[in-house]
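Structural overview
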Amino acid sequence: MKKDKKVTNSNSIFTLKNIIIVICLIIGYFILTFLAEGDFLSRQSKSLIVPMGINIILAVSLSLTVGFLGELSLGHAGFMAIGGYTGALITLHMDLPKGLEFTLALIAGGIMAAILGFLIGLPVLRLKGDYLAIVTLAFGEIIRSVLTSLKITGGAQGLTKIPRYSNYTWVYIVMILTVVLISNFVKSRHGRAIISVRENYIAAESIGIKVSKYKVMAFVIAAFFAGVAGVFYGHNLSILKPGDFDYNKSIEILVIVVLGGMGNIKGSIIAAIALTFLPEMLRSVDEFRTLLYAVVLIAMMLFRSSGFRTKLEESGKLPKFMKPNMKRVK
Amino acid sequence: MGSILEQLINGLRSGSIYALIALGYTMVYGIAKMINFAHGDIIMVGAYALYVLVALLNVPAIAAVVLTIIICGVLGIVIEKVAYKPLRKAPALSVLITAIGMSFFLQSVALLIFKPNPIAFKSIINVNSVRIGGITISGISLVTFIITFICMIGLTYFINKTKTGSAMKALSEDKAAAELMGINVNRTISITFAIGSALAAVAGILFVCQYQSIQPTLGALPGIKAFVAAVLGGIGSIPGAMIGGLALGLIESISKAYISSQLSDAIVFGVLVVVLLVKPSGLLGKNRIEKV
Amino acid sequence: MALLEVKNLGISFGGLRAVDDVNLSIEEGQLYGLIGPNGAGKTTVFNLLTGVYQPTTGTIKINGENVVGKSPSEICQAGIARTFQNIRLFKKMTVLDNVKTAFHNEIRYNLVTSFLRLPKYFKLEKEMTEKAMEILKVFNLEGEANYLASNLPYGKQRKLEIARALATNPKLLLLDEPAAGMNPNETAELMDTIRLVRDRYRITILLIEHDMKLVSGICEKILVLNFGTELASGTPDVVLNNPEVITAYLGE
C-alpha cells in the first residue's frame with residue numbers, strides 16, 4: 001500500500017505537497033517583507049535578515065560535504081572569500097544595470113569558488129578523515145594569505161565601497177533556490193552515490209561508484225554555493241577584508257551544520273536561523289558567542305554517541321529534525 | 001653571511017618550539033588515532049598559567065614553571081576523560097569535531113577571564129646573549145635549544161626504556177592486542193595526554209618568554225604549524241616530529257626573510273599539502289594498508 | 001572461452017607471499033567454490049579479482065579482457081560484483097536505496113536532471129525502484145524495503161548485500177562466506193536462493209565458504225587454497241576426499 005502511494009506520488013513535480021510548499025514560500029516572502037519593512041522588529045534584528053539567509057546558504061552547502069559526504073571541510077570560509085572578492089570586483093569595475101550586474105556577480109562568484117574547489121579538491125580528496133580536514137584548513141588559510149598579499153584585492157585593508165546590493169528579496173530567492181537544488185541533488189543517483197561513499201567507500205567502489213569523482217563533485221557544489229554566499233556577504237557589508245574569512249568563520253558555519261544534525265537540510269536551516277539571532281539577543285555578544293559554539297560542538301557530538309540518544313530514538317521521542325536526513329522509515 | 005646564519009638560528013628556535021608541540025600531536029595520534037585540535041590551545045593555557053603565577057601571585061620563577069607544567073598535564077588528562085573518552089568508538093568525524101569544539105572552548109574561556117586584549121609579560125628567562133664568531137645568539141634562543149634538547153632526550157629515554165613507554169609503543173601498534181596483554185589502556189592514554197600537554201606547556205613558556213605578550217588565540221597558529229610539522233615528519237613517529245618541527249621552523253624563517261613575510265604562512269601550509277600529496281606517511285612515518 | 005581466466009596470480013605484502021601462483025578458469029554459468037583453512041588467502045584472491053589490491057604477478061581476464069590495474073569501480077563495470085566477509089552495507093540508507101545505489105551505472109541521468117528534477121528523473125527513478133523491488137522479492141526482502149539497512153537482522157543483511165551486488169548486473173558474482181553466522185535452516189534457504197539467482201539472472205558465481213554442506217551441495221567445481229597456493233581442484237566429491245585437503249583442514 002505504502003509503496004504504491006510512493007510510486008504515484010513521485011511521478012512529477014506538480015504534486016499537492018509541492019504546491020503547498022510553493023504557497024508557503026510565497027506567504028513566507030510576505031511575512032519577510034512585513035518584518036523587514038514594518039516596525040515590528042528592531043533595527044538590530046532587521047540587519048540580521050540578510051546574514052540569516054547567507055548563513056542558511058552556507059550551512060546547507062557545507063552540509064553536503066560534512067553531512068552527506070561525511071568529510072570535514074574546514075576551508076568553507078575560503079570559498080566564501082573567493083566568491084565574495086570575485087563578485088565585488090565585478091560590481092566595482094563594471095557599469096551595468098543593478099540587477100544584471102548583481103546576477104552576474106553571484107554567478108561568477110559561485111563559478112570562481114567552484115573552479116577553485118575543483119583545483120583544490122582534485123588532489124586533496126585522495127585523502128580522507130583527519131588529513132583531509134587539516135588540508136582544507138590549510139587551503140583556507142592559503143587563500144586568505146594570498147588575498148592579503150595581492151594588489152587587486154586591496155591587501156589587508158581589503159575592498160571598500162562595494163555597492164549594497166544584498167537585500168532580503170535577493171537573498172530569499174537565492175536561498176530557496178539553494179535549498180531546493182541541494183535537496184533535489186541529495187535524493188538523486190548522484191546524491192545516493194555521495195552518501196554511499198560516506199557509508200562505506202569500499203562497498204561504494206565495489207558497486208561501480210567512482211569515489212574520487214563523487215568526493216570532488218560534493219566539494220565543488222558546496223564551494224559554488226559558498227561562493228554565492230560570499231557575494232551576498234560582500235554586498236551586504238559593503239567592505240571585504242581577508243580577516244573576515246579565517247578559520248573561525250569556517251568553524252562558525254560548521255557549528256550550524258553540526259547543530260542542525262549533520263546531513264539534515266531542514267535541521268541546518270533551523271540551526272542557521274537560531275544561531276544568527278541567538279547570539280545577538282544575548283547581551284555582551286562576542287564573549288559568549290565562541291563559548292556557545294564550543295559547547296554546541298562538544299555537546300552535540302557527545303549526545304550523538306551517547307546511550308541517551310539511542311533511547312530517545314527507540315522510544316520515538318527524538319525530535320524529527322535531529323535525525324540524519326536519510327529517507328526515513330515511514 | 002651573518003644574516004643567513006641568524007635566520008637559520010631564528011628558524012631553529014621557532015622550530016624547537018614547533019617540535020615540542022608536534023611531539024604531543026604525534027604521541028596522541030599514535031595512541032588514540034585522533035588529531036587533538038585542542039593541543040595548540042594548551043600552549044595558551046600554559047602561557048596564562050605562567051602569567052598568573054609569576055606576575056599576579058609572585059610565585060618564584062622555577063616553582064611557577066613546574067606548576068604550569070603540572071597544570072597543563074592535568075588539563076590534558078581532564079580533556080581526554082571528559083571529551084574524547086566517551087567517543088572512542090564513535091566515527092572519526094565526531095571525534096574531530098569534538099576536538100575542534102574543545103579548542104574553541106579553551107579559547108573562549110580564556111577570552112572570558114582575560115579579555116581579548118594582549119597582556120604584556122616580562123620574560124622570566126634572563127640569560128645574556130652569546131657571540132660566536134660573527135653572529136649573536138640571544139639568551140632565549142640558547143635556553144630554548146637546551147630545554148628542547150633535554151626534553152627530547154628525556155622523552156626518547158622514557159619511551160624506550162620504561163615500562164610505561166613500552167606500553168605506549170604497544171598500544172600504538174595494536175590496541176586490541178595490547179589490551180589482551182594486560183596493558184591498562186585508560187591509564188596509558190591518560191599518561192600520553194599528560195606528557196603531550198606538559199611538553200606543550202614547556203613550549204608555551206618558551207613562546208611567551210620570546211614574544212612577551214599573551215592573548216587567548218596565541219596557541220592557534222603555532223598549534224596548526226606544529227601539526228604541519230608532525231605530518232611532515234610522519235605522524236605517529238617521535239623522531240619524525242622532532243625533525244619535522246626543526247625543518248618547518250627553518251622553512252618558515254627562510255621564507256619570511258627571503259620570499260615574503262605575508263606569504264610565509266601560505267608557504268608553510270603549502271608544505272603540508274605537498275607532503276600529503278607526495279608522501280602522505282611523511283618523512284619517517286609508516287604506510288598502513290587498510291584491511292578489507 | 002572461459003568467463004574468468006586467472007593465470008599465475010600472486011601478491012606479496014612486504015616479504016610475505018599472501019597469494020602465490022593461483023590459476024583459475026571458470027566457465028559461464030558455473031557455480032564455483034573457493035575453500036581453504038583460515039588465512040589461506042581466499043579473501044585476498046577476491047580482493048585481487050575486484051581491484052582492491054593490485055597483484056604483484058599474473059593476469060585476470062574476464063571475457064578475454066584483462067582487468068589487472070583497473071580500479072574496483074571499473075572492474076565492477078567490467079562485470080564482477082562481490083559481497084564482503086564483514087558485511088559492508090550502506091547502513092544509514094534504506095534497504096531499497098542500498099539496491100538503487102547499485103543501479104548507478106545501469107540507469108543513468110545527468111546532473112542537470114538531478115538538480116532540476118526533469119521528467120526523466122521521475123521516469124528513471126521509478127524504473128529503478130521497480131527493478132530494485134524485483135530483486136528484493138527474490139530475497140524475500142520486499143517487506144523491509146523502507147527499513148534502514150542497519151535495522152535488518154544479520155541473515156537478511158547478508159542477503160541484502162547479495163541483492164545489491166546483483167543490481168550492478170554482473171557476469172560474475174563473488175560471494176565471500178555468504179552463510180557465515182547462519183543457522184542450518186537459513187543456510188539451506190540460502191542455497192536455494194543462490195541456485196535461483198544463478199538460473200534466473202544467468203550469472204556465474206564464485207563463492208568462499210566454510211560450510212562444507214553448502215559447498216558440496218551447490219558447487220560444481222572447487223579450488224582449495226592453503227598458505228596462498230593451490231592445494232587441489234576439481235569436483236566436490238574428488239576434492240573433499242583428497243587426503244591432502246583433509247590434512248590441511250584438520251591438521252596432522
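Residues numbered from 1 in each chain as written. Chains lettered and ligands numbered in written order. Predicted model: local features only at pLDDT ≥ 70, side-chain atom pairs only at ≥ 80, totals over all residues. Heavy atoms only, no water.

1. Focus on the interface of chain A and chain C
- Each side of the interface is counted separately: chain A has 37 residues, and chain C has 40 residues.
- Taking both sides of the interface into account, the surface hidden between chain A and chain C amounts to around 3,600 Å²; carbon and sulfur atoms contribute 62%.
- When residues of chain A are sorted by the area they lose upon contact with chain C, Arg 189, Arg 192 and Ile 207 of chain A head the list and together hold 21% of the total.
- Where chain A meets chain C, there are 1 salt bridge.
- The residue Arg 192 of chain A makes a salt bridge to Glu 125 of chain C at a minimum N-O spacing of 3.0 Å.
- At the boundary of chain A and chain C, one finds 14 residue pairs in polar contact (both at pLDDT 80 or more).
- Looking at the side of chain A that touches chain C, the elements with two or more residues in it are helix 1 (2–9), helix 8 (168–186), helix 9 (189–199), helix 10 (201–206) and helix 11 (211–237) of chain A. (Contact = heavy atoms within 4.5 Å. Buried area = accessible area lost by both parts, 1.4 Å probe. Salt bridge = Lys/Arg side-chain N within 4 Å of Asp/Glu carboxyl O. Polar contact = N/O pair within 3.5 Å; in protein donor to acceptor, adjacent residues only side chain to side chain. Helix = DSSP H or I, 4+ residues; strand = E, 2+ residues; numbered from the N terminus.)

2. A closer look at the sheet that holds strand 4 (residues 57–62) of chain C
All names here are of chain C.
- The 4 strands lie next to each other as 2-1-4-5, forming an open sheet whose pairing is antiparallel. Each having just a single partner strand, strand 2 (16–26) and strand 5 (65–66) make up the two edges of the open sheet.
- With 7 bridges connecting them, strand 1 (residues 4–13) and strand 2 associate as antiparallel partners. Across the sheet, the residue bridging to Ser 12 is Arg 17, located in strand 2. (Pairing = 2+ DSSP bridges.)

3. A look at the UniProt feature "transmembrane region" (unreviewed entry) in chain A
All names here are of chain A.
- The positions that UniProt labels "transmembrane region" (unreviewed entry) are, in the present scheme, residues 12–36, 48–70, 77–96, 102–124, 170–186, 216–233, 253–278 and 290–308.
- Within the segment residues 12–36, helix and strand shares are 84% and 0% respectively, and the terminal C-alpha atoms sit 35 Å apart.
- For residues 253–278, the helix share is 81%, the strand share is 0%, and the end-to-end C-alpha distance is 15 Å. (UniProt positions renumbered as here; feature names shortened; annotations may be inferred.)

4. Structural notes on the pattern of salt bridges
- Under the criterion given, the structure shown has 17 salt bridges over all chains.
- When the shortest N-O distance is used, the salt bridge between Lys 215 of chain A and Glu 71 of chain A registers 3.8 Å. With Lys 215 of chain A in helix 11 and Glu 71 of chain A in the loop between helix 4 (49–69) and helix 5 (76–93), the pair connects residues that are 144 residues apart, well separated along the chain. Comparing Lys 215 of chain A with Glu 71 of chain A shows no difference in burial state: the two are buried.
- Salt-bridge contacts for Asp 192 of chain C lead to Arg 195 of chain C; the nearest nitrogen and oxygen are separated by 3.5 Å. (Buried < 20%, exposed > 50% of the residue type's maximum accessible area, 1.4 Å probe, protein only.)

5. Points about the interface of chain B and chain A
- Between chain B and chain A, the residue contacts involve 42 residues of the former and 45 residues of the latter.
- Taken together, the two surfaces of chain B and chain A that pack against each other cover about 3,700 Å², and 78% of this comes from carbon and sulfur.
- Its largest share of buried area at the contact with chain A, chain B owes to Ile 97, Phe 104 and Leu 277 of chain B, together 17% of the area lost on that side.
- There are 0 salt bridges connecting chain B and chain A.
- The interface formed by chain B and chain A includes 0 residue pairs in polar contact (both at pLDDT 80 or more).
- If you tally residues by element for the side of chain B that touches chain A, the top one is helix 4 (residues 92–114) of chain B, at 14 residues.
- Grouping the constituent residues of the side of chain B that touches chain A by class yields 32 nonpolar, 6 polar and 4 charged. (Nonpolar A, V, L, I, M, F, W, Y, C, P; charged D, E, K, R; others polar.)

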